[in-house]
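# An overview of the molecular structure
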Amino acid sequence: MKRKSHLCFITVTMAAVCLVMLVMYSTMSFHTAASEHKKDFHVVGRPLYKLDVSWPKFPEYFTGQVFGVAVSHVAGLVYVAQRGENVPKVLVFSTDGEFLQAWNTSTLEMPHGIFVAGASSDPTVWITDVGNGPNGHTIKQYSPSGKLLQVLGTEGKAGEIFFVLASHLSKIRLLQDHTFVEKPSSVLGVTKMSGKQKASQQTPSSRLASKLSAMAEEKVSGEVNVSMAQLVTELAKQRSVLKEDISILIHESLKPLQTAVDGIKETVNSFQARLVSTEAIAGENFERLNAAEATVKALTAANQDLLARVEDLENRSRRSNLRILNIPEGSEDGKDPVKFMEELLMESMGSGVFTAPPELERAHRSLNRKPKPEDPARAFVVCFRKYPQKEAALHWARNHVVKFQDASLRIYPDLSPSLAKKRKAFSKVKKALYESKVKFRLLYPARLKVILGGEEYFFDTADDAQEFYSTRIRSRRYKKKLCMIAKYMQVLWMHGEEGQGLAEFYIPHSVAVDNFQRVWVADRGNKRIQVFNSVTGDWLGSWGSCFTEDAPYSVRFTPDQKYLVVAQLNTNQVSLLEAPPVGIIGQCQVVSSIQLADDVKPHLVGLDQKSGELYVAEIGAQQAQRFTPFNSIL
């Protein structure tokens, strides 16, 4: 009797365990099917880069003109070089945008280019210093923390080496670490039905359990003798019932889920319809915005043209005027200002300029409040009736000292404040040209003409004139050369005669080396990129058709070597050019362009050779910006 009871208990227990396992399996299978992972996707097409407005996190650390940027992709560091008085010359950020440190080194005067070499093994930072002081005209190597390691060239003396090409580095493929967090397993709860609950409230699984329990009690009581064949038959019957009950259970469990899925589908359809409507509205607004931007651009251009015309008319109305400084206040002593100035000019300049007193149309002090006795006197503005007399007086004053009552007078053309500011910006470079004994002339309204080697050069901005002086005149005794230098500083080959011919340069501004032993040089002054063999130095070809509007200022390669990234300062563009295959240079082809805002002036760029992220050093905006690739270009 005990043996039969024990056998019945085991049988019932096994059946209950099978039931629980089947229910749990169906539940887990459902949850697994309902929780599919979203698949990653990539957008293929142009544009290739988008602006990352979150980098850096604290842009207020930019305090000077940002001239260069370099990336250490292994260390995850971004080095930004900037110019200015009393500003750190190098700022160090993480690729996440955190500010890490500033190099307050006194060994840097005016950084122009910056590059990270040996990024995969022993990274060092190389910087070209074009300053005029005792530490300038050199190329310097620094540790990642800003410690000066070595100097190429003689400090304070313009040398022959102008740019350095870093030797090619071996590539290292890195495997990113991934951390997987396993979600907690769901817990299956079992609730016992009380005997007072109605049988109609029982689920099929609970009814089956109750039946098996009743059979066990019946068999344990000894009232029925059960053979093994009968037990097998009964289990077969119960298996059939179990299948039916499980089918009913699954069907009943899926009903609310199906209802929920139908509701989600309706919601998705509603959102899809709203999305289509929103896209249509966005498209219309985009067209309107483009039209508005075109209108604003046209109006801005028209406004600038009108302002230029107004300024031109204002200055032409002052064409016969002279502005005379240092005439003591009250010297006219109640006299008619016109008569007073006619007598003063005749007396101070004499017959060397005028055979008779000059004819003045008007004369008056500048329209400012009368100064205190200790303050400088107001300027006198005089208008000549005859333009030649005005020119003669101005020319004579440039070559003679004009005296009045023991005061040395200073005589200038009378210009509008905005034009006077533009012309004054050329003062520094004019002084440098004068000291270098180079002929020049500041033309009207504000254009500098420089005569060098029998050729005339014209500059509309003081910055362009200053760079011309720095690269062509200040060190004109030395040839600007492109040098390939080996690891231990032996010169392997050299190019650099000044000119427009093959392998000649006019302001070589940036260099890059690809994986196929080719050196790419941004020949800025000639508006072209020249290509050389990095081993032999042989000239391979040049690109110029892409740079008719503006010269290339910076050249760098994307990590996959498919694109050449070029910065163009005056047109505020960063362009991606398709890199040619081995053995062919051909003609340049622009694949994508990033048009920046006006006056941003991108100078040099740097690329993260791991992520492909693009960093742009912007002189005009005084900042560095990061652009992330839409697609993986590694």
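This write-up is about the structure you can find in this document. These figures come from a predicted structure and were not determined experimentally.

## Considering the sheet that holds strand β31 (residues 623-629)
Read across the sheet, 4 strands follow the order β1-β31-β30-β29 without closing on themselves; strand pairing throughout is antiparallel. Only two strands of the sheet have a single partner each, and these edge strands are β1 (49-52) and β29 (602-607). Pairs of neighbouring strands in the sheet enclose a mean axial angle of 30°, with direction left out of account. For β1 and β31, the ladder comprises 4 bridges, and the chain directions are antiparallel. When the sheet's bridge partners are listed, Lys50 is paired in β31 with Thr628.

## Let's talk about the pattern of salt bridges
Scanning the entire structure with this criterion turns up 21 salt bridges. Close ionic contact of Lys422 with Glu311 constitutes a salt bridge, the shortest N to O distance being 3.8 Å. Here Lys422, found in helix α6 (residues 417-424), pairs with Glu311, found in helix α3 (residues 228-317); they are 111 residues apart in sequence, far enough to count as distant. By sharing partners, the salt bridges in this structure join Glu314, Arg318, Arg323 and Asp414 into a single network.

## Section: the sheet that holds strand β18 (residues 455-459)
Strands sit in the order β16-β17-β18 across an open sheet of 3 strands; the sheet is antiparallel. Lying at the two open borders of the sheet, with one neighbouring strand each, are β16 (439-443) and β18. The sheet shows a mean angle of 20° between the axes of neighbouring strands, direction not considered. Across 5 bridges, strand β17 (residues 447-452) lies against β18 in antiparallel orientation. Residue pairing in the sheet places Ile451 in a bridge with Glu456 of β18. The strands that helix α8 (residues 462-473) touches are β17 and β18; relative to β17, the one it contacts most, it runs at about 15°.

## Quick notes on a nonpolar patch on the surface
Where nonpolar side chains cluster on the molecular surface, the patch consists of Ile250, Leu254 and Leu257 and spans about 220 Å² of accessible area. Assignment of secondary structure puts Leu257 in helix α3.

## Concerning the state of the cysteines
A complete count under the given rule lists 1 disulfide for this structure. There is a disulfide in this structure between Cys546 and Cys588, and the S-S distance comes to 2.2 Å. Judged by the sign of its S-S torsion, about 125°, the bond between Cys546 and Cys588 is right-handed. Of the two residues, Cys546 sits in the loop between β24 (539-543) and β25 (554-557) while Cys588 sits in the loop between β27 (573-578) and β28 (590-595), which places them 42 residues apart along the sequence.

## Structural notes on the pairing of strand β15 (residues 407-413)
In this sheet, β15 lies alongside strand β11 (residues 321-325) in antiparallel orientation, the contact comprising 4 bridges. Counterpart to Leu325 in the pairing with β15 is Arg410. In this sheet, β15 lies alongside strand β14 (residues 402-404) in antiparallel orientation, the contact comprising 3 bridges. Its bridge partner lying in β15, Phe404 is registered against Ala407. Between the antiparallel neighbours β14 and β15 lie 2 residues, among them Gln405 with a positive phi of about 50°.

## Digging into the packing of aromatic side chains
With the rule as written, the count across this model stands at 14 aromatic pairs. With a centroid separation of 5.0 Å and an interplanar angle of 70°, the aromatic rings of Trp55 and Tyr615 are classed as edge-to-face. Linking Trp55 in the loop between β1 and β2 (65-72) with Tyr615 in strand β30 (residues 614-618), this pair joins segments that are 560 residues apart in sequence. Taken individually, Trp55 and Tyr615 each receive the classification buried, so the pair is uniform in this respect. Ring centres 4.9 Å apart and planes at 40° place the aromatic pair Tyr457 and Phe468 in the tilted group. Of the two residues, Tyr457 sits in strand β18 while Phe468 sits in helix α8, which places them 11 residues apart along the sequence. For the pair shown, Tyr457 and Phe468 are each scored as buried. Taken together, Trp55, Tyr61, Phe62, Phe93, Phe99 and Tyr615 form an aromatic cluster joined through their ring pairs.

## Describing the environment of Lys89
Position of Lys89 among the secondary structure elements: in the loop between β3 (77-83) and β4 (90-94). A relative accessible area of 11% means that Lys89 is categorised as buried. With 14 residues separating them in the primary sequence, Lys89 and Trp103 have C-alpha atoms 6.3 Å apart. Apart from the residues within four sequence positions on either side, Lys89 is in contact with Val80, Ala81, Gln82, Gly84, Trp103, Leu108, Glu109 and Pro111.

## Some remarks on the environment of Ile507
In this structure, Ile507 sits in the loop between β20 (491-495) and β21 (508-513). On the accessibility criterion, Ile507 (11% relative accessible area) is buried. It is 7.8 Å that separates the C-alpha atoms of Ile507 and Asn526, two residues lying 19 residues apart in sequence. Among residues more than four places away in sequence, those in contact with Ile507 are Thr471, Ala522, Asp523, Arg524 and Gly525.

## What to know about helix α7 (residues 427-435)
For an α-helix, the turn length of 3.6 residues means that residues three or four places apart are oriented alike. Within the sequence span of α7, burial applies to Val429, Ala432 and Leu433. The buried side chains of α7 occupy one side of the element, clustering within an arc of 100° when seen end-on. For α7, exposure combined with an orientation more than 90 degrees from the buried face picks out Lys431, Tyr434 and Glu435. For α7, the elements touching its buried residues are β16, β17 and α8. Positive phi shows up at Lys437, right after α7, with a value of about 60°.

## Side note on the side chain of Asn315
Topologically, Asn315 is positioned in helix α3. At a separation of 2.7 Å, a polar atom in the side chain of Asn315 contacts the main-chain carbonyl oxygen of Glu311. If near-sequence neighbours (up to four positions away) are discounted, Asn315 is found in contact with Leu415, Ser416, Leu419 and Tyr444.

## A short note on the packing of α7 against α8
Orientation of α7 relative to α8, taken along the N-to-C sense of each, is 25°, at an axis distance of 9 Å. One way to sum up the angle between α7 and α8 is to call them roughly parallel. Seen along the crossing, α7 lies across α8 with a hand that is left-handed. Along its contact with α7, which presents Lys428, Val429, Ala432 and Leu433, the element α8 presents Ala465, Gln466, Tyr469 and Ile473. By residue class, the composition of the contact of α7 with α8 is 6 nonpolar, 1 polar and 1 charged.

Thresholds applied
Residues numbered from 1 in each chain as written. Predicted model: local features only at pLDDT ≥ 70, side-chain atom pairs only at ≥ 80, totals over all residues. Heavy atoms only, no water. Pairing = 2+ DSSP bridges. Helix = DSSP H or I, 4+ residues; strand = E, 2+ residues; numbered from the N terminus. Axes fitted to C-alpha atoms, helices over the stretch in contact; angles between N-to-C directions. Salt bridge = Lys/Arg side-chain N within 4 Å of Asp/Glu carboxyl O. Contact = heavy atoms within 4.5 Å. Patch = residues over 30% accessible without salt bridge, like charges linked within 9 Å, V, L, I, M, F, W, Y side chains within 5 Å. Areas by Shrake-Rupley, 256 points an atom, 1.4 Å probe, with all protein chains shown as cover. Disulfide = S-S within 2.5 Å. Phe/Tyr/Trp six-rings, centres within 6.5 Å; stacked < 30°, edge-to-face > 60°. Buried < 20%, exposed > 50% of the residue type's maximum accessible area, 1.4 Å probe, protein only. Arc of directions from axis to C-beta. Polar contact = N/O pair within 3.5 Å; in protein donor to acceptor, adjacent residues only side chain to side chain. Parallel < 35°, antiparallel > 145°, perpendicular 65-115°, else oblique. Left-handed = near helix turned anticlockwise from the far one by under 90°. Nonpolar A, V, L, I, M, F, W, Y, C, P; charged D, E, K, R; others polar.

Interpretation note: all reported values are geometric properties and have no functional meaning in isolation.
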